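Structural overview
Below are the chains, spelled out letter by letter.
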Amino acid sequence: MPRRRWTGPLLLALLLTVLAPLPAAARQPTAAPPAPTADRVPLPSISATTTQVASGLRRPTAIVAPDDGTGRLFITEKPGRIRVYHPDTGLAATPLIDITSVVDESSGNERGLLGLALPADFATSQDLYLAYTALPDGAVTLARYRLDESRLEVLLSQPHTEFNNHNGGQLAFGPDGNLYWSIGDGGGAADPLRAPQRLDTLLGKILRVDVRRACAPLPYCVPADNPFVNTPGARPEIWHYGLRNPWRFSFDSVDGSMWIGDVGQGRWEEIDHIARGRGGLNLGWSCYEGLEKFADGDCHAGETYTPPVFTYSPYTGGCSVIGGHVYRGQRNAALLGGTYIATDYCSSTVWALRPDGNGGYEQAEIGQTPTQVTAIGTTVEGEFYMVNDLPGGLHRVSFAQEAPTCRVDRTVERWGTGTKVELTVTNTGTTALNGWTLKFPLALGQTVVSDWNTDLTQLSNTITATNASYNAAVAPGASFTIGYVASHTGDASPPPRFTLNGDACAIGR
Ligand SMILES: [Ca+2]
């Protein structure tokens, strides 16, 4: 990766070649109004940490808690097993179920047993719902497993033969009692199948079916108010379309809204937030990747695209968003009740995200997970666990309030066709600094062309700024100001987050 370094004077000429800005996509709120924000703990002062509680899982993909009074967690493993964990006895050696004989795991990294959902009556019905890629051809499959009879019934299957990636695989019961299932776009890169924008295929969709009943010849029913039941040629199971690889989604247990982590191509990872009961949305792919038009994407005149509420660039270390859950537990209710938590498979950044009360969303980076987290799950009480892929661990997640020890106030000016940014960094901690490193990401397409009061390095889209000799010492309460000019290809937004000597800073408003 190119590594660039500037310590010289302003390079005006470089600014003249910058392209005109792209129009920013409007962020239409698609979810219910949030609770008042006045007494909330600021997101940057929340910290997330994890404690490993079990090991030896084989490529775990999902965590689900049965509401049957047993205190157990069920954990899916890609080869086709469900393992059982209990905080008192650990991970049981014997799996709850084993369907490895029907699961196609070996033909692709993203294939296997991917999702699990339990119906509200699990304690009595003993039914589990599974999403997996099936032998012999990798078809993405929804099945019911009757635990008391050890019997597997396939309910719905979508061929997925061309490519082995982007199988989706999340299953969750919604607040309406229907079962929702995500399926990826059929794989490959850059939407070669042109499936997500078509309504005659289940690829690139989130489906909604009623598995409590059967509507012969189907072993399930299509809810009468699904959005496309009366659209000629459309698959009636479709709830949302225009998705790429919605690996994990969840429902807020209080307001019933849906949060989707849709894995991006190469430029934007995204999170979508949709109000309870709102279906039929076009979430953009492959006309859009995140908020940005996708080059050679599948766009159609007259379509309304629903933009994500949060995006981040994998250029700053991420690769695949791992959608999580809205925290609704009791233990940390005052700290982060109503806050959505997600992470990234590669960067392991913990994101906290919530509506800001003004139609937008506030976000902060509140910690690091262990490497390769694939899923976040909750106990019946709403407390969080995570599993990670090849390490095969189960981790309990804890949250705490930790006042930031730094604050960054940003000023941004247009400068030619570029952006001039000044950052005033205040030591809000109790310890004097003697030397500092400020790290922050730039929006995709931004390139620093000059800097002052610092020694600044750009590596891909991550900036590392270190002190000059004259501003190395920063007493508690004192500040220093640095600045830079960046060229950009459209996104002129300032850096969204900072760490000072490794600690996350608050952002001044
Ligand atoms: Ca999208």
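Residues numbered from 1 in each chain as written. Predicted model: local features only at pLDDT ≥ 70, side-chain atom pairs only at ≥ 80, totals over all residues.

Here we take up the overall build of the chain. Within the chain one finds three helices and 40 strands. Against the compact-globule benchmark of 23 Å for 509 residues, the chain has a radius of gyration of 24 Å, which places it among compact chains. Each principal axis of the C-alpha distribution contributes one length, and for the chain these read about 75 × 55 × 45 Å. A burial count over the chain gives 45% of its 509 residues as buried. Of all intrachain contacts in the chain linking residues separated by at least 6 positions in sequence, the fraction that spans at least 24 positions is 62%. (Helix = DSSP H or I, 4+ residues; strand = E, 2+ residues; numbered from the N terminus. Rg over C-alpha atoms; globule rule 2.2 N^0.38 Å. Buried ≥ 20, exposed ≤ 12 C-beta atoms within 10 Å, placed from the backbone. Contact = placed C-beta atoms within 7 Å.)

That bond from L135 to P136 is cis: its omega, 5°, falls within 30 degrees of zero. Its location among the elements puts P136 in the loop between β9 (127-134) and β10 (139-146). Residue W285 is joined to S286 through a cis peptide bond whose omega torsion reads 5°. Here S286 shows up in the loop between β18 (269-274) and β19 (288-289). With a phi close to 50°, S150 is a non-glycine residue in the positive phi region. Following the sequence through the fold, S150 ends up in the loop between β10 and β11 (151-158). Even without glycine at this site, R194 takes up a positive phi of about 50°. When you line up the elements, R194 lands in the loop between β13 (179-183) and β14 (205-209). Looking at R194, the number of C-beta atoms within 10 Å reads 15, which means it is partly exposed.

Moving on: the pairing of strand β4 (residues 73-77). With five of its five residues buried, β4 lies for the most part within the structure. The two faces of β4 match: L73, I75 and E77 on one face and F74 and T76 on the other face are all buried. With five bridges joining them, β4 and strand β5 (residues 81-86) adopt antiparallel strand pairing. Residue pairing in the sheet places T76 in a bridge with I82 of β5. Here β4 hands over to β5 after three residues, with G80 in that stretch at a positive phi of 125°. (Pairing = 2+ DSSP bridges.)

Our next topic: the sheet that holds β14. Within the open sheet, the four strands sit side by side as β12-β13-β14-β15. Their pairing is antiparallel. Each of the sheet's edge strands pairs with one partner strand only, and the pair in question is β12 (171-173) and β15 (238-241). On average, adjacent strands in this sheet sit at an angle of 20° to one another, irrespective of strand direction. Inspection of the sheet shows β12 paired to β13 by three bridges, in the antiparallel sense. (Axes fitted to C-alpha atoms, helices over the stretch in contact; angles between N-to-C directions.)

The next thing to look at is the domain arrangement of the chain. As far as domains go, the chain holds domain 1 (3-23 + 405-507) and domain 2 (43-401). Using C-alpha coordinates to define each centre, domain 1 is positioned 36 Å away from domain 2. Listed by partner, the interface residues are 10 residues for domain 1 and eight residues for domain 2. A per-class count over the side of domain 1 that touches domain 2 returns six nonpolar, three polar and one charged. (Domains from an automatic or database assignment. Nonpolar A, V, L, I, M, F, W, Y, C, P; charged D, E, K, R; others polar.)

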